Amino acid sequence: PSSSKPGRARSLGEPCRARHNDDSNNRCPTRCAMARLREKRSFLLQAMPFMFLMAAGSWGLSRFLRLPTQVKDDRARRRKQGRAKFDLQQEHEALLAQVQDDYENVRVPGPRNPNRKPAD
């Protein structure tokens, strides 16, 4: 008698480990061949769907988590489109137009102590 290890293929003369309803001396090459095929295909039937779900889940999560960043970038891009470029010369001219003719730049003393000695 042989050992009954689950992954080992059975030879044709060896008794079948499966219990069938018919009394054919437990020798059924067709049915046991299907069982062996099922054992060999267990990777395809169990591991492959799991690996597919892992890959699809990873891809889906990456797409789902990228969505808020895309929305934020689109909003910033739309805000920038309506805005004019900053030009220092234009800003200077706009400020000069606002300033009145009698404006005089006067230095205002700060909160420093007037009697302090400068550092050498």
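Every chain begins its residue count from 1, and numbering advances along the sequence as written. Local features in a predicted model are, by the rule used here, given only for residues with pLDDT of at least 70; side-chain atom pairs are given and counted only at 80 or more, and totals for whole chains, interfaces and linings are based on all residues. Values reported for side chains reflect all heavy atoms of the structure, with hydrogen atoms and water molecules removed beforehand.

Draft legend 1. Layout of the overall build of the chain. Per the convention used, a helix needs a DSSP run of H or I reaching at least four residues, while a strand needs a run of E reaching at least two, with both numbered from the N terminus. When its secondary structure is counted, the chain shows three helices and zero strands. Ordered by position in the sequence, the α and β elements of the chain form the string α-α-α. By definition in these notes, contact holds between two residues if any of their heavy atoms fall within 4.5 Å. For the chain, long-range pairs separated by at least 24 residues make up 13% of all intrachain contacts whose partners lie at least 6 apart in sequence. Under the convention used here, a 1.4 Å probe and the Shrake-Rupley method define accessible areas, while residue burial counts only the protein chains that appear. Element-wise, carbon and sulfur atoms account for 56% of the exposed surface of the chain, whose accessible area totals about 12000 Å².

Draft legend 2. Quick peek at the pattern of salt bridges. The term salt bridge refers to a side-chain nitrogen of Lys or Arg lying within 4 Å of a carboxyl oxygen of Asp or Glu. Using the criterion set out here, one finds one salt bridge in the structure. With its nearest N and O atoms 2.9 Å apart, the salt bridge here joins Asp74 to Arg77. Highlighted residues: Asp74 and Arg77, both in helix α2 (residues 42–81), separated by three residues, approximately one helical turn. The buried label applies to any residue whose accessible area, calculated with a 1.4 Å probe on protein chains only, is under 20% of its type's maximum; exposed applies above 50%, and partly exposed to all values in between. Judged by its relative accessible area of 33%, Asp74 is partly exposed.

Draft legend 3. Focus on the confidence of the model for the chain. Note: pLDDT gives the predictor's confidence per residue, expressed from 0 to 100. Put simply, the chain has an average pLDDT of 76, and 71% of its residues get 70 or more. At the level of individual helices and strands, the chain shows its lowest average pLDDT in helix α1 (residues 29–40), which scores 68, and its highest in α2, which scores 90.

Draft legend 4. Geometry of α2. Over its 40 residues, α2 runs 57 Å from end to end, which matches the ideal 58 Å to within 8%, given 1.5 Å per residue. We define the bend at any residue as the angle between the axes fitted to the seven residues before and including it, ending there, and the seven starting there. Along α2, the largest kink reaches about 30° and is centred on Leu67; proline Pro68 follows within four residues of it. Expected span, for any helix, means 1.5 Å times one less than how many residues it has.

Draft legend 5. Structural view of a nonpolar patch on the surface. Together, Phe43, Leu44, Leu45, Met48, Phe50, Met51 and Met54 make up a nonpolar patch on the protein surface, roughly 730 Å² of accessible area in all. One can find Met48 in helix α2. Exposure above 30% relative accessible area and no salt bridge define the residues that can form patches, which grow by joining like charges within 9 Å and nonpolar side chains of Val, Leu, Ile, Met, Phe, Trp and Tyr within 5 Å.

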